[in-house]
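# A closer look at the structure
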Amino acid sequence: MDEYMIETRGLTKKYGSQVSVSNLNIHVKKGRIYGLLGRNGAGKTTTMRMLLGLTAPTSGEVKIFGHPMQGNENKILPRIGCLIESPGFYPNLTATENLKIFAELRGINSPKYIRGALELVNLPYRDKKLFSEYSLGMKQRLAIALAVMHEPEVLILDEPINGLDPIGIAEVRSFIRELCDARGKTILISSHILSEISLLADDIGIIDRGVLLEEESLKELEEKNAKFVHFIVSDANKAAQIIGSLFQTKSMRISDNCNLYLYDTSLPTAKINRTLIENGIDIKEAHLCEDTLEDYFMKITGGEGIA
Amino acid sequence: MLKLIKCEFWKLKRKHFVSFVIFAALLFPIPFTALVLAGSVGNFTGFDAVFGLLVTLGEPVMLPIVLGIVAAMLFFMERDSDTLKNLHTIPVSPAKIASAKIAVLFILGLIYSLATLISSMVGGLMAGSEFVNIGEKVWISVVTSLLYTASTLPVVIIIVWLNRSYIFSIILTFFYTMFDYMLAYGGQFASKEPAMKLISNILPAPTIYRWQAAQFVSPDSPAYSVLEPYFLPLWIVVLTVFIIGAVSYLAIVKIYGKHES
Ligand SMILES: Nc1ncnc2c1ncn2[C@@H]1O[C@H](COP(=O)(O)OP(=O)(O)OP(=O)(O)O)[C@@H](O)[C@H]1O
Ligand SMILES: [Mg+2]
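Since we're looking at a predicted model, the values are computed, not measured. (Residues numbered from 1 in each chain as written. Chains lettered and ligands numbered in written order. Predicted model: local features only at pLDDT ≥ 70, side-chain atom pairs only at ≥ 80, totals over all residues. Heavy atoms only, no water.)

### Regarding the overall build of chain A
- From N to C terminus, chain A includes 11 helices and 15 strands.
- In terms of overall dimensions, chain A has C-alpha extents of about 80 × 40 × 40 Å along its principal axes.
- Looking at chain A as a whole, 52% of its 307 residues qualify as buried.
- Restricting to contacts in chain A with at least 6 residues of sequence separation, those with at least 24 account for 68%.
- Per element, the accessible surface of chain A, about 14,200 Å² overall, is 48% carbon and sulfur. (Helix = DSSP H or I, 4+ residues; strand = E, 2+ residues; numbered from the N terminus. Buried < 20%, exposed > 50% of the residue type's maximum accessible area, 1.4 Å probe, protein only. Contact = heavy atoms within 4.5 Å. Areas by Shrake-Rupley, 256 points an atom, 1.4 Å probe, with all protein chains shown as cover.)

The structure is reproduced here in structure tokens:
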């Protein structure tokens, strides 16, 4: 039995000797929004291209709706809407004319689908403006319109909010949410912007240098995020030694020799304070903190973090 | 397939080159009409002369050049606008897209050729003649346009294969057409070199001319005795050009399919 709408097994793509996607296993559940998060060059676009059959995998398998993609493109692709990288449209045509071409090829005859899609992204129907005269954000909106026009069951959106203004981002976020909640669509969305994914996604996959580091629900991820006590002290190294020997704990981190992070929040803070002061260490501040998702990312993607 | 062809035409909207060319086809007979009025075209007169000149001297140059440029426009369109990914995910296969584009070339060739016919009727009218054998002329126009469109396909292979700029494609088309044309009207009769003989038996324009000459060179003209041994029946010409066209078509479809989306 297959409960996943999109599933990959050992999906790998090599360009020459460079491995862009390595042994990827992602699982997108029906009726949920899956956020694929990764830094520039992590392999998000390459993964999505392989899901859609635009790029042949070096090895591994893609299954969509429980069927292997390879050999079933004609059955599977019409049920998917996608936006891959930059919007691609004919510059000498208007938005409506562009959509009309793709609608025609999809066998959609009624103009109501084109109008509906344009309305959804707040672009005028039958406007005279040519695609080449569109702004970046308008082009992106048109690309989203193209992806949703034929009312697909699954949406694969590669950085859909690229180039949109804050209001546009909020609009896109709310209609993606609605497509999922009200119409039961399954949505795979990629981004390098963590806050975006954490606002939108139900499940998150973190990809770094082609490797899927983590895959779980947003909820689990948030629960996992450590609570800790942050001390700002005069000598963090010495403080760490004292706490370590007093409570037999090693779950601490030091930075700049004045910040001490203590991850075991069950320890009695008052007693720690007193002991440190008795040992001649000044405590400037002490708070109970919660790691943000962002910090978590920095930790697992090895430091530099995600913009 | 019809849908795809229709879409290819929609994509040409506001590409002024195409309408400009059809318009040019309508103007092209003017100089030829002038020639005919000056009385310098041998035994043929009026409409017959204008039409004959256009079909044997005008279209063999204009049609391949125009269609080569249009082919570059059509085959570079998806590359330049990054729309191939949108087509592949519909899904539409590259082979079908390429086939539709080639079909558009044939249709445009036909339109061009019929526009030429219409304007040569106007030219003929000015030269003061009556319209004779219209049916036959429509037939010759149609056959000529199909043969010359097919004769353009070999250069389209190279355009699609190298996948370079428009300028490059235009230059390439121009040289191919000129070479083909010169062989047709001079080279194939003048040269006795076996290599030249072989080339002029393979290239389409010399072959097509061997059918056209039989239609347009009058038996009383001095050229007739020179050309007569070369005359070919239509079916041999069609077969030769068909083979050239079919092989080119397969090559184009194959090469276009390899382009990354
Ligand atoms: N056609 C290609 N040829 C060679 N290498 C490629 C090709 N496409 C992608 N790559 C490489 O694969 C890696 C992953 O690229 P990809 O576009 O999937 O990253 P991404 O996660 O989408 O990044 P971004 O956030 O910048 O869009 C990069 O190192 C890139 O250089
Ligand atoms: Mg990308």
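### Some thoughts on the domain arrangement of chain A
- By the assigned domains, chain A splits into domain 1 (4-222) and domain 2 (226-290).
- On a C-alpha basis, the centres of domain 1 of chain A and domain 2 of chain A stand 46 Å from each other. (Domains from an automatic or database assignment.)

### Details of the nonpolar core
- One finds A:Leu99, A:Leu142, A:Ile176, A:Ile187 and B:Phe75 to be the most contacted residues of the largest nonpolar core, which totals 113 residues.
- Those residues within four positions of B:Phe75 in sequence are excluded, and the remaining contacts are B:Ala98, B:Lys101, B:Ile102, B:Val156, B:Val160, B:Ile252 and B:Tyr256.
- Judged by nonpolar contacts, the second largest core, of 29 residues, contains A:Met50, A:Leu54, A:Ile76 and A:Leu212. (Core = buried A, V, L, I, M, F, W, Y, C linked by side-chain atoms within 4.5 Å.)

### Examining the sheet that holds strand β12 (residues 227-233) of chain A
Residue and element names in this part refer to chain A.
- One open sheet accounts for 4 strands, arranged β13-β14-β12-β15; its pairing is antiparallel. The open sheet has two free edges, formed respectively by β13 (252-255) and β15 (283-290), since each of these has just one partner strand. Adjacent strand axes in the sheet meet at a mean angle of 20° when their direction is disregarded.
- Alignment of β12 against β15, held across 7 bridges, turns out to be antiparallel. (Pairing = 2+ DSSP bridges. Axes fitted to C-alpha atoms, helices over the stretch in contact; angles between N-to-C directions.)

### As for the pairing of strand β10 (residues 203-208) of chain A
All names here are of chain A.
- Taking burial as the measure, the 6 residues of β10 include 6 buried ones, the bulk of the element.
- Going residue by residue along β10, you find Asp 203, Gly 205 and Ile 207 tucked away on one face and Ile 204, Ile 206 and Asp 208 tucked away on the opposite face as well.
- Across 6 bridges, the pairing between β10 and strand β11 (residues 211-217) is antiparallel. The partner of Asp 203 across the bridge, within β11, is Ser 217.

### Focus on the site of ligand 1
Residues and elements named next belong to chain A.
- Neighbouring ligand 1 are the residues Tyr 15, Gln 18, Ser 20, Arg 39, Asn 40, Gly 41, Ala 42, Gly 43, Lys 44, Thr 45, Thr 46 and Glu 159.
- A distance of 3.2 Å is found between an oxygen atom of ligand 1 and a backbone nitrogen or oxygen belonging to Ala 42.
- About the coverage of ligand 1: the protein hides 63% of its 630 Å² of free accessible area.
- Considering each element in turn, the shell around ligand 1 owes the most residues, 3 residues, to helix α1 (residues 44-51).
- Considered class by class, the residues forming the shell around ligand 1 number 2 nonpolar, 7 polar and 3 charged. (Near = heavy atom within 4 Å. Polar contact = N/O pair within 3.5 Å; in protein donor to acceptor, adjacent residues only side chain to side chain. Nonpolar A, V, L, I, M, F, W, Y, C, P; charged D, E, K, R; others polar.)

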